[in-house]
Amino acid sequence: MKENLKFEINYIAYKSSDELPENYKLLVDAAKKATNDSYAPYSNFNVGAALFLNDGQIILGSNQENASYPIGFCAERTALSAAASIASHTKIKAIAITAKSLKNPVLTPAAPCGICRQTIFEAECKHHQNIEIILTGESGAVYIFKSIKDLLPLHFDADFL
Ligand code: THU
């Protein structure tokens, strides 16, 4: 028997970060600040990520490239590694992700790559807590998802291991 099924994803969209509630705005601003520490001489695409932990700490990460392209780190995984190193038992409530580029201004919400989606998912599994995903570009819309599962609907569930 064949069925046509569909996934439905619910998310919130704000027209601009100016409309965000204060706590979200704070985290988006932190992610924007993190783009200044990005090392991206090869792509000129500066990504910033900011984690908001359950205890109120904000942890930043940015993409760190390398002449050996594949070993470059994405901003999201840099931030998650920092959190796992300095606050490994503290759960993560939210991650804000943004990007800027001098060549092509980023005017739509920056979306995490597949590897980072899987890594954020793993952090949700580790802490048994959803991580809110807040995406934005240099300007323009901000999207908020309740969990990385919304961006990774057919996930490999680490709880089965
Ligand atoms: N990048 C991130 O930091 N996060 C993502 O989710 C997508 C891509 C980085 C990798 C590389 O340094 C640059 O953006 C261009 O792809």
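Preceding this section is the structure that the text describes.
Residues numbered from 1 in each chain as written. Predicted model: local features only at pLDDT ≥ 70, side-chain atom pairs only at ≥ 80, totals over all residues. Heavy atoms only, no water.

**Observations concerning the overall build of the chain**
If you tally the helices and strands in the chain, you get three helices and six strands. Ordered by position from N to C terminus, the α and β elements of the chain give β-α-β-β-α-β-α-β-β. On C-alpha atoms alone, the chain measures out to a radius of gyration of 16 Å, which is about the 15 Å that the 2.2 N^0.38 rule sets for 161 residues. In terms of overall dimensions, the chain has C-alpha extents of about 50 × 35 × 35 Å along its principal axes. Going through the 161 residues of the chain one by one, you find that 42% of them count as buried. (Helix = DSSP H or I, 4+ residues; strand = E, 2+ residues; numbered from the N terminus. Rg over C-alpha atoms; globule rule 2.2 N^0.38 Å. Buried < 20%, exposed > 50% of the residue type's maximum accessible area, 1.4 Å probe, protein only.)

**Thoughts on the sheet that holds strand 5 (residues 132–136)**
Pairing between sheet strands relies on hydrogen bonds along the backbone, with the strands arranged either parallel or antiparallel. With respect to topology, six strands assemble into an open sheet ordered 1-6-5-4-2-3, the strand pairing being mixed. Where the open sheet ends on each side, the last strands, each with one partner, are strand 1 (12–14) and strand 3 (58–62). Taking each pair of neighbouring strands and ignoring which way they run, the sheet shows an average axis angle of 15 degrees. The pairing of strand 5 with strand 6 (residues 142–145) spans four bridges and is classified as antiparallel. By the bridge assignment, L135 is partnered in strand 6 with Y143. Running at roughly 140 degrees to strand 2 (residues 46–53), helix 1 (residues 22–34) makes contact with strand 2, strand 3, strand 4 (92–100), strand 5 and strand 6 of the sheet. (Pairing = 2+ DSSP bridges. Axes fitted to C-alpha atoms, helices over the stretch in contact; angles between N-to-C directions. Contact = heavy atoms within 4.5 Å.)

**Side note on the pairing of strand 6**
Two strands pair when backbone bridges link them, and strand 1 and strand 6 are joined in this way by three bridges, in the antiparallel orientation. Residue pairing across strands places Y14 opposite V142, the latter belonging to strand 6. Linking two consecutive strands that pair antiparallel, namely strand 5 and strand 6, is a turn of five residues; a positive phi of about 85 degrees is found at G140 within it.

**Notes on the side chain of S62**
Note that S62 resides in strand 3. A distance of 3.3 Å separates the side chain of S62 from the backbone oxygen of D37, its partner in a polar contact. (Polar contact = N/O pair within 3.5 Å; in protein donor to acceptor, adjacent residues only side chain to side chain.)

**Focus on unusual backbone geometry**
Phi is positive for N44, close to 55 degrees, though the residue is something other than glycine. You can see N44 is positioned in the loop between helix 1 and strand 2. Of note in the backbone geometry, H128 takes a positive phi value of approximately 50 degrees without being a glycine. Along the polypeptide, H128 turns up in the loop between helix 3 (114–127) and strand 5.

**Notes on helix 1**
Helical geometry: 3.6 residues make up each α-helical turn, so side chains three or four residues apart lie on a common side. With 13 residues, helix 1 extends 18 Å between its outermost C-alpha atoms, agreeing within 8% with the 18 Å of an ideal straight helix rising 1.5 Å per residue. Those residues of helix 1 not exposed but buried are Y24, L27, V28, A30, A31 and A34. Across the axial projection of helix 1, the buried residues extend over an arc of 155 degrees, all falling on one side. Pointing more than 90 degrees away from the buried face of helix 1 are the exposed residues E22 and K33. (Expected span 1.5 Å × (residues − 1). Arc of directions from axis to C-beta.)

**Brief notes about the environment of A110**
Mapped onto the elements of the fold, A110 is located in the loop between strand 4 and helix 3. Spatially, the C-alpha atom of A110 lies 9.8 Å from that of G48, the residues being 62 residues apart in sequence. Apart from residues no more than four positions distant in its own chain, A110 is found in contact with I97, T98, A99, L135, T136 and G137.

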